[in-house]
Amino acid sequence: MRALFLAGAALLASGCATIQKERGHAEVAALVEERIGRKTRWNQGTPEDAEVARHLDTLLAKDLSSDDAVEIALLNNPALQATYEDLGVSQADMVQAGLLTNPTLSGSIGFPLSNDGVSETEFSLVQEFVDLFTLPLRKRVAKEQFIADTLRVAHEALATAAEVKKTYSQVQARQQLVELRRMVLEAADSAAQLATLQFGAGNITELELANERAAAEEARLELAQEELALVEDREHLNRLLGLWGPRTQWTLTEKLPAPPGEEAPLEHLESLAIRQRLDIDAARKQVELLWNALELSRSTRFIGRFEVGVHTHRDANGPRLFGPTLSLDLPIFDQRQALIAKLEAQHRQGERRLTELSVNARSEVRAARARLLTLRGVTERYHRVVLPLREKVVEQTQLQYNAMQLGLYVLLEAKRAQVTAWRAYIEAVRDYWMARAELEQLVGGRLPSTPGEAPPVPALPSPSPTQGHESHPGHGHGATP
């Protein structure tokens, strides 16, 4: 009696299974918002999506910030939107796992070939009953697979956000490097024009003139390469944001910030990564569901097809017969030993992959942490030591130039060395922020204590060797003619 009740309940529950399109997306949105404070959005082609499109246009109309770029990517990145659809596929598999096999209705009719007989009919209704008893475990396995897929989708969203942050820093740095290259070209052009006048007056040799002209042309080429790199970086960001057409005309005026004054504590990041990384959690769920699938196969290895039904039959010139039917597979040859061996191998494989992922995650976190701290040290060294020293060199050279103890070209060389140091500093700051975004991705979210607002990078120095100073007519090697 109880078995009949359970069977009826299972039939009822199975018949009520439906697809809920939004299922899983709320969980992904909650995980992503918990990790980085930004929401995801699944484009379903509904009227609400028009509101999202208008929100994107609002974000793009103003100066683009790093947080806005991440939000746009989470809402509009095509690859991420395609990944969101994996939840629909996984949910469909989960619903399918909760459905019973349809009953089979079969019938036949035979007509007499002579006039002295009557027709013969036969009907049967058969239902597979093993599904009733394995249904709860099959649903559990499918649900765990759905949870694992939800974690993977959320992990992809966090990876996209980290890539956007890194590319955003790349664009910021590239814009400042282009600005620096333009200033260098302007100064090199001025020096080349000055050298031309000096050569005409006989104050410098043809070799010195050629050197200045070559330096100006090289500065022009370097600016062209830097501008091309900026275009490529912007297009990389456009791809991540899923933008095309007029939406690509966004502006970014926010300067690359300097590293924060104090670094957040970066201890215990390995355990933090193991605890909160979503791809590791998904791999852990995968191992669990493989074990449950293995248990399901083991528990039913001696139970083959088990069909129960009713049958009605009427022989020619005979009474109509009605009664139950039973069809049972005898597991003599196939005891699911191959399927069980396959699941055992897949379970061991899942455990090895989980171990590999965990070991790699710890190693990657250690390497990223070392890289972040090293880059922080590099930027601090540039900011506190190298750049002030280069500024001091330029000041002293300028003083000696003003006292007619050094030529203009010595001053120019000092300015070039200062510009080179500034370029290296900007690149180091860029690498620092990219390393920070990488470390946040590797630990599965924000670092333990996000520092306060970082100060901006100091203003670029003027590469002009004579800005704010008078030139010196008659000065050998640098005097105007």
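Scroll up for the structure.
Attention in this report is confined to the structure presented alongside it. Here the structure is a predicted model, which is why all the values come from computation and not from measurement. (Residues numbered from 1 in each chain as written. Predicted model: local features only at pLDDT ≥ 70, side-chain atom pairs only at ≥ 80, totals over all residues. Heavy atoms only, no water.)

1. A word on the overall build of the chain
Consideration 1: The secondary structure content of the chain amounts to eleven helices and four strands.
Consideration 2: Taking all 481 residues of the chain together, the buried fraction comes to 43%.
Consideration 3: Entry remark: accessible area of the chain is about 26100 Å², with carbon and sulfur atoms responsible for 56%. (Helix = DSSP H or I, 4+ residues; strand = E, 2+ residues; numbered from the N terminus. Buried < 20%, exposed > 50% of the residue type's maximum accessible area, 1.4 Å probe, protein only. Areas by Shrake-Rupley, 256 points an atom, 1.4 Å probe, with all protein chains shown as cover.)

2. Focus on helix 7 (residues 206–241)
Consideration 1: With 36 residues, helix 7 should cover 52 Å at 1.5 Å per step; its first-to-last C-alpha distance of 53 Å lies within 8% of that length.
Consideration 2: Downstream of helix 7 by one or two residues, Gly-242 has phi in the positive range, about 70°. (Expected span 1.5 Å × (residues − 1).)

3. Some details on the pairing of strand 2 (residues 120–128)
Consideration 1: Where strand 1 (residues 104–110) meets strand 2, seven bridges bridge the pair, whose relative direction is antiparallel. From the neighbouring strand, Leu-105 faces strand 2, where its bridge partner is Leu-125.
Consideration 2: Bridging between strand 2 and strand 3 (residues 306–314) involves eight bridges; their strand directions are antiparallel. Within strand 3, the residue paired with Gln-127 across the bridge is Val-308. (Pairing = 2+ DSSP bridges.)

4. Thoughts on the nonpolar core
Consideration 1: Residues Leu-64 and Leu-241 are the most contacted members of the largest nonpolar core, which totals 70 residues.
Consideration 2: Looking at this core element by element, the count peaks at 17 residues for helix 6 (residues 130–201).
Consideration 3: Of all hydrophobic cores here, the second largest spans ten residues; its members include Tyr-401, Leu-408, Tyr-409 and Leu-412. (Core = buried A, V, L, I, M, F, W, Y, C linked by side-chain atoms within 4.5 Å.)

5. Here we look at helix 5 (residues 78–97)
Consideration 1: With 20 residues, helix 5 extends 30 Å from end C-alpha to end C-alpha; this agrees with the ideal 28 Å at 1.5 Å per step.
Consideration 2: Within helix 5 the residues assigned to the buried category are Leu-80, Gln-81, Thr-83, Tyr-84, Leu-87, Ser-90, Gln-91, Met-94, Val-95 and Ala-97.
Consideration 3: Against the buried residues of helix 5 lie helix 2 (25–36), helix 4 (66–76) and helix 6.
Consideration 4: Where helix 5 begins, the side chain of Asn-77 points an oxygen toward the backbone nitrogen of Ala-79, at a separation of 3.0 Å. (Contact = heavy atoms within 4.5 Å. Polar contact = N/O pair within 3.5 Å; in protein donor to acceptor, adjacent residues only side chain to side chain.)

6. Points about the environment of Val-393
Consideration 1: Position of Val-393 among the secondary structure elements: in helix 10 (residues 337–402).
Consideration 2: The class of Val-393 is partly exposed, set by a relative accessible area of 35%.
Consideration 3: Val-393 sits 24 residues away from Ala-417 along the chain, and the two C-alpha atoms are 9.4 Å apart.

7. Considering the pairing of strand 3
Consideration 1: Pairing of strand 3 with strand 4 (residues 320–328) involves nine bridges; the strand directions are antiparallel. Bridge pairing in strand 4 links His-313 to Leu-321.

8. Concerning the environment of Ser-66
Consideration 1: Among the secondary structure elements, Ser-66 is positioned in helix 4.
Consideration 2: Along the primary structure Ser-66 and Gln-172 are separated by 106 residues, whereas in three dimensions their C-alpha atoms are 9.9 Å apart.
Consideration 3: Look past the residues within four positions of Ser-66 in its chain and what remains in contact with it is Lys-165 and Tyr-168.

9. A look at the packing of helix 4 against helix 5
Consideration 1: Running from N to C, helix 4 and helix 5 point in directions that differ by 50°, and their axes come no closer than 6 Å. By the angle between their axes, helix 4 is oblique relative to helix 5. Contacts between helix 4 and helix 5 involve Ala-73, Leu-74, Leu-75 and Asn-76 on the former and, on the latter, Pro-78, Leu-80, Gln-81 and Tyr-84.
Consideration 2: Class assignment of the residues belonging to the contact of helix 4 with helix 5 gives a composition of six nonpolar, two polar and no charged. (Axes fitted to C-alpha atoms, helices over the stretch in contact; angles between N-to-C directions. Parallel < 35°, antiparallel > 145°, perpendicular 65-115°, else oblique. Nonpolar A, V, L, I, M, F, W, Y, C, P; charged D, E, K, R; others polar.)

10. Describing the packing of aromatic side chains
Consideration 1: Across all of its chains, the model carries three aromatic pairs by this definition.
Consideration 2: Ring plane angle 55° and centroid distance 6.5 Å describe the contact between Tyr-382 and Tyr-425, whose orientation is recorded as tilted. In this pair, Tyr-382 is assigned in helix 10 and Tyr-425 in helix 11 (residues 408–443), connecting sequence segments 43 residues apart.
Consideration 3: Here Tyr-382 falls in the partly exposed class, since its relative accessible area comes to 21%.
Consideration 4: Classification of Tyr-425 as buried rests on a relative accessible area of 2%.
Consideration 5: Judged by centre distance (5.7 Å) and plane angle (90°), the ring pair of Trp-422 and Tyr-425 falls under edge-to-face. Here Trp-422 pairs with Tyr-425, and both are found in helix 11, just three residues apart, close to one helical turn. A single burial state applies to Trp-422 and to Tyr-425, both of which are buried.
Consideration 6: Site record: aromatic cluster; members linked through ring pairs are Tyr-382, Trp-422 and Tyr-425.
Consideration 7: Across the ring face of Trp-250, the terminal group of Arg-234 is positioned such that the distance to the ring centre comes to 3.7 Å. (Phe/Tyr/Trp six-rings, centres within 6.5 Å; stacked < 30°, edge-to-face > 60°. Lys NZ or Arg CZ within 6 Å of the ring centre and 35° of its normal.)

11. Some details on the pattern of salt bridges
Consideration 1: Inspection of every chain in the model, using the stated rule, returns 33 salt bridges.
Consideration 2: Here Arg-362 ties to Glu-270 by a salt bridge, and the two come within 3.3 Å at their closest N and O atoms. Placement of Arg-362 in helix 10 and of Glu-270 in helix 8 (residues 269–276) is noted, with a sequence separation of 92 residues between them.
Consideration 3: We classify Arg-362 as partly exposed; its relative accessible area is 33%. (Salt bridge = Lys/Arg side-chain N within 4 Å of Asp/Glu carboxyl O.)

Any functional reading would require information that these geometric values do not contain.
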